[in-house]
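# Structure at a glance
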Amino acid sequence: MDIKPLERTSLKKLISEPLNDNEKYLIKSFSPDIYVALQGGKSQENVASGDIQLPFFNRATYIEKSSAPGLDKLNKSELFLHWVRFGFNEKIIPTNFFDENFYLSKYNDIKKSKLWSFKHYLTNGYGEYRTPHNALQDAGPRNHVEKRYRNLVLSEEDFLFLRSIINLFKGTALEKAITKRESNTTIQLLEKNNPLAQIFSEEIYRFSLSAEHEELWCPEGKALLHWLRNGRKLDLDFSAFFCSKTYRSCNRDIASLPSERRLQHFLNHGIFENRKACRVFDAPKYAKNRRIPRGKSALLQAFIEKDIGVADASNNVLLSQRKSCPTELTDTALELKKVEAKISSETIQSQLRKAQEIEPRIDFDTRGRSIFIPGAYSPHSQLYNSMGEIQHSLQKKHYENVVLIPHCRMSGAGRVAGSLTSALSTLFHSTNTCIIVTDGESFDYPNWFPEGTDLLHFFRPTQHLSPGEKNLALTTLIRALQAKRVFNVNSRRGWTTFSQYGAQLSTICDLYSYLFCSDLTAENLRTGYPQEFFRDTFQYHKKIFLDNETIKRELEQDHLLSETQLAKLEVLLSPTTVKKTIQVQRRLQKLKNILPSKPKVFWAGRFDRQKNFRLLTEIARRTPQVEYWVWGKAVLNDTNIESHPKNIVFKGVYGDFSELPLDQCTAWLYTSLWDGLPTILIDVAATGTPIIASNVGGIPTLLEGFGGSLVDSYANADAYISRIQELLQNIEAFRENANTLANLVESKYSIENYNESIKIALDT
Amino acid sequence: MSTTSKKAARPLCTLIITAHKEGLLLGATIKSLLACEKFAGPENYSFHKVIYLDNADQETKDIAYNAEKCFGFSIVETEYADQGKVRNQAASEAQDGFIAFLDGDDIWSENWLSKALATASQNKNYIVHPEFNWFFGGSNNILHKIDQDSQLFSKNFLRTGNYWDALCLAHRDIFTHVPYSARDIATGFAFEDWHWNCETIQMGYKHKIAEDTIHFKRRRANSQTIAASKRKVLMRDTNLIHFDNAD
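Quantities reported herein were computed from a predicted structural model and do not represent experimental measurements.

## What to know about helix H11 (residues 156-164) of chain A
Residues and elements named next belong to chain A. All of the buried residues in H11 are Asp158, Phe159, Phe161 and Leu162. Projected down its long axis, H11 carries its buried residues within an arc of 160°, all on one side. Looking at the buried positions of H11, the neighbouring elements they touch are helix H12 (173-179), helix H13 (183-190), helix H16 (223-231) and helix H18 (259-270).

## Quick look at the nonpolar core
Residues and elements named next belong to chain A. If you look at the biggest cluster of nonpolar residues, it comprises 101 residues, and the most contacted ones within it are Phe169, Ile199, Trp227 and Leu267. In terms of residue count, the dominant contributor to this core is helix H21 (residues 325-344) (6 residues). Counting only domains with at least three residues in this core, you end up with domain 1 (8-143) and domain 2 (151-343). Apart from residues no more than four positions distant in its own chain, Phe169 is found in contact with Leu162, Leu174, Glu175, Ile178, Leu190, Asn194 and Leu196. Ranked by size, the runner-up nonpolar core spans 58 residues in total, among them Cys408, Leu662, Leu681 and Leu710.

## Some remarks on helix H7 (residues 192-202) of chain B
All names here are of chain B. For H7, a buried count of 9 out of 11 residues is recorded, marking the element as mostly surrounded by other parts of the structure. Buried within H7 are the following residues: Glu192, Asp193, Trp194, His195, Trp196, Asn197, Cys198, Thr200 and Ile201. Residues of H7 that are buried in the fold lie against helix H4 (83-93), strand E6 (126-137), helix H6 (172-177), strand E9 (189-190), strand E10 (206-219) and strand E11 (234-235). The first or second residue beyond H7 is Gly204, which carries a positive phi of 100°.

## Quick notes on the side chain of Glu214 of chain A
The residue Glu214 of chain A is located in the loop between helix H15 (202-212) and H16 in this model. Accessibility expressed as a relative area gives 18% for Glu214 of chain A, which makes it buried.

## Let's talk about the interface of chain B and chain A
Between chain B and chain A, the residue contacts involve 47 residues of the former and 51 residues of the latter. In this structure, the connection of chain B to chain A is made through 6 salt bridges. In this structure, Lys342 of chain A engages Glu211 of chain B in a salt bridge whose closest nitrogen and oxygen atoms are separated by 3.7 Å. Secondary structure elements with two or more residues in the side of chain B that touches chain A: helix H2 (25-40), E6, strand E7 (142-144), E10 and E11 of chain B. Looking at the side of chain B that touches chain A element by element, the count peaks at 5 residues for E10 of chain B. Tallied by class, residues from the side of chain B that touches chain A come to 21 nonpolar, 14 polar and 12 charged.

## Observations regarding the UniProt feature "domain: Glycosyltransferase 2-like" (unreviewed entry) in chain B
In the UniProt entry, the feature "domain: Glycosyltransferase 2-like" (unreviewed entry) is given for residues 15-152 of chain B. Secondary structure across residues 15-152 of chain B divides into 36% helix and 30% strand, with the first and last C-alpha atoms of the span separated by 30 Å.

## Quick look at the confidence of the model for chain A
Residues and elements named next belong to chain A. Summarising the model, chain A shows a mean pLDDT of 87, and 90% of its residues fall at 70 or more. Counted against residues more than four places away or in other chains, residues 1-6, with its pLDDT under 50, gives 16 contacts. Across residues 309-325, confidence stays below pLDDT 50; counting only partners more than four residues off in sequence or on other chains, it has 74 contacts.

## Description of the pairing of strand E3 (residues 433-437) of chain A
Along any regular strand, the residues point their side chains to alternate faces of the sheet. Residue and element names in this part refer to chain A. The element E3 is extensively covered by neighbouring structure, given that 5 of its 5 residues are classed as buried. Burial along E3 is two-sided: Thr433, Ile435 and Val437 facing one way and Cys434 and Ile436 facing the other are all buried. Taken together, the 5 bridges between strand E2 (residues 401-405) and E3 define a ladder with parallel strand orientation. Paired with Leu404 across the bridge in E3 is Ile436. For the crossover from E2 across helix H24 (residues 412-428) to E3, the handedness is right-handed. Examined bridge by bridge, E3 and strand E4 (residues 454-457) share 4 bridges and lie parallel to one another. By the bridge assignment, Val437 is partnered in E4 with His457.

What counts as what
- Along every chain, residues carry numbers that run from 1 in the direction the sequence is written.
- Chain labels run from A onward and ligand labels from 1 onward, assigned in the order the entries are written.
- With the structure being a predicted model, the display of local features is reserved for residues of pLDDT at least 70 and the display and counting of side-chain atom pairs for 80 or more, all residues being used for whole-chain, interface and lining totals.
- Each side-chain value is worked out from all heavy atoms of the structure, with water and hydrogens disregarded.
- Using a 1.4 Å probe on the protein chains alone, a residue whose accessible area is under 20% of its type maximum counts as buried, one over 50% counts as exposed, and one in between counts as partly exposed.
- Secondary structure elements are taken from DSSP: a helix is a run of H or I of four residues or more, a strand is a run of E of two residues or more, and numbering for both begins at the N terminus.
- Each direction from the helix axis to a C-beta atom contributes to the arc, which is the arc of those directions.
- Note on definitions: a residue-residue contact is assigned when non-hydrogen atoms from the two residues lie within 4.5 Å.
- To qualify as a nonpolar core, a set must consist of buried Ala, Val, Leu, Ile, Met, Phe, Trp, Tyr and Cys residues joined through side-chain atoms within 4.5 Å.
- How far each domain reaches was decided by an automatic or database domain assignment.
- The salt bridge criterion pairs a side-chain nitrogen of Lys or Arg with a carboxyl oxygen of Asp or Glu, the two atoms within 4 Å.
- Residues are sorted three ways: Asp, Glu, Lys and Arg are charged, Ala, Val, Leu, Ile, Met, Phe, Trp, Tyr, Cys and Pro are nonpolar, and all the rest, Gly among them, are polar.
- UniProt positions are given in the numbering used here, feature names are shortened, and annotations may be inferred rather than shown by experiment.
- A residue's pLDDT is the confidence the predictor assigns to it, expressed on a 0 to 100 scale.
- Note on pairing: two strands pair once DSSP finds at least 2 bridges between them.
- With the strands aimed away from the viewer, a crossover counts as right-handed if its path from the first strand over the helix to the second runs clockwise.

Written out as structure tokens, the structure is:
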């Protein structure tokens, strides 16, 4: 037959030509809907302009099988009319879901009749409920499929598949139903909440089905069953969380399995082995970060917790705290599918081919290709998601001051951060300051901070980001808040961010950081923020705050700072809130010259190497006449606290300094190996309690001149023991000194002085 | 450019290639521009073709001047070493009408001008981008762009990432009203295209997608965007990234 070249104009003529009886009959058999529409007076042209569902007619299959040119320019209905007029006569079967060989072998009467099998099926076989395809259970016209699904009975083949993935339903009623081959119960339970239904996405399945096998009809609300009976065999996408190609490429041990076996492997094993199976959810990483036990599915756990992280094209997929993410991930997967379909479309492919004529290197190597959708699936998705969470958790959109703290645990830096925040609240009103907790989640001492100051937890929403992304997130946050001043009080994230983006940040806000002291390694090498970050970030800072002169001298000598540079370093005496109250005075009067029968020496701090808890145990062992009351806990776990003498009495962790029974305290012992000026010593000094402390860091700033308090050989137990004995023998002189120190602290380390110093330092 | 009254009635569009050290790669770029021009139909639009050579090397200049001779390109030489500044000058020197920018090593899909002009003609405030950025050379990824009217669009995303690059088509007035900001690599500010997108949105312009169109973008090892990403530079400050202006 001579096939005319079909252009759209000639097509219009074609479809407006009256249909003959044979053609009408064919249409009636093939698509009663179209036939009814035509009978109802709708013009052929109108019918042809619609996008209709046609059983046994696949646009791509027909174009592939027909030799007529220009067919790709026609829409589906137009193509169908073309087939009715031309393709039918050419005996083109426009679908892969009519199996001619199967039909003839199954139905001997047709074979004998010499009829064209497809024509027979359309005109007679379909009405006789004959089977058009061996492998596909639901190939057939819409009304047949609908009828079948109204009273669906699962086939042996369906049960075979379900049994092959039985691990997915382990311990559930569904497992029993499948094992017993109870069709009705199985169908009912499959449609309810179960792992397969959870990961199944009707949207994704329908999209794949219509994109690849548009002639298959899937009844409303029966998508999962349809996939189970048909789609799985056709390797159609059905979930955001399984992609056959990704599963194969990420799991080489199962790469050689045929696609249906791969699917079975995933549902029966891979999902519980937390293998990577899709682009939008990284099960291995999720399992690792959530410490999900071996054999338990990270994906199913994420569904239980409704806590699946946002998709990230940079392969850093992890988790976020945002709820109801599974549906969002399904949206992302669907969006990606649509884009992939668009890329494969003839329109785009023809543009690609033309471009390749100009530049052959385009699309030359497609291995490892990623498709990005900014905002939905791109290397920025994680950061975007984190910023979204942060934005939602903010109480205000704008803060003048931002105070960065690592966390708030028992530490002097936390106390200083509280004092600084209070000073800022006094200067700028508390609503203008936001505390950002960057390196952890604990905020154990909210009472250190002024009421009404907003708190933002940065650590949790950003914990899945890479270190560089965290710095970028903090920078973005500072910019988005339009902060005028940023204060870093011991936040490592703050330091790394200033190090990386200080140049840019310093053009839009003033940067301030606190430095307290250098740390010491086990080899006695100085380390810590002064060594790590001072040099790199000095130029970006408006001021660097110090809490003692010792660290200032250290920095000056280390870097040979000029006068101008030194002016950037501001020593601020940390304030104490402890007042030498009348009660304390009375207590001191009462205790004067009286030494208790069992003197009590207090010690408080972290049970870490820096605080030298080990030395305390030695001192205690060698001074059994003294009882040591100890507050604190191990933080870094670098010290063994198991073996200790009986005269050490652990008192736990105190909430507020005022909780300490100082009326029973003979002296306060401080054994730190390195330090700034510990705020607790300022507090103790304020109460008029005698102190014996190591002569390190900024401690002499407080205790210099108060004879007997400082221990020069601070690593040596002998030095402390002899000082304790001296104190016990001469308690009156020590108490007198302590009282003088308390008066000095009250005037020098006052909140008012501190606030005034901050005001001057900020030049406000 | 033609001055006959008949041709003057056709919408005017200046096609601007910015080049510096593309060398022979510029040839394919010019060819793609010519194919695009032909597809859009000189009978429908009046095109003016210009190549801006910014600190260009001799190889690049040779190709450009040959295009001047053979295909009627105008050539302008500059010494900014800054794409944003080149684009600003190009916009200020362009005649009234639309402007389409093309990097000296990239390729337009044949339908780009035709579709982008059709979209831009709907509203003078539209800035039109291709539907896809299709990378080749050092990368083979594909970026699907988002229309500002799409449900996927959120101003908040622009705080952390860029939706579109500078290779767009829009009316000249937009480029002169909102010029590109200068780079400041020493301080760590770049991404002038990202910044420009934010600023134009703030000014009320709308970023649209011309469906089915592609920019094939060559990724070279010394790409300025890649270099900027590695240097940890940031986009300049813009009101759009403040929480005050959040969606």
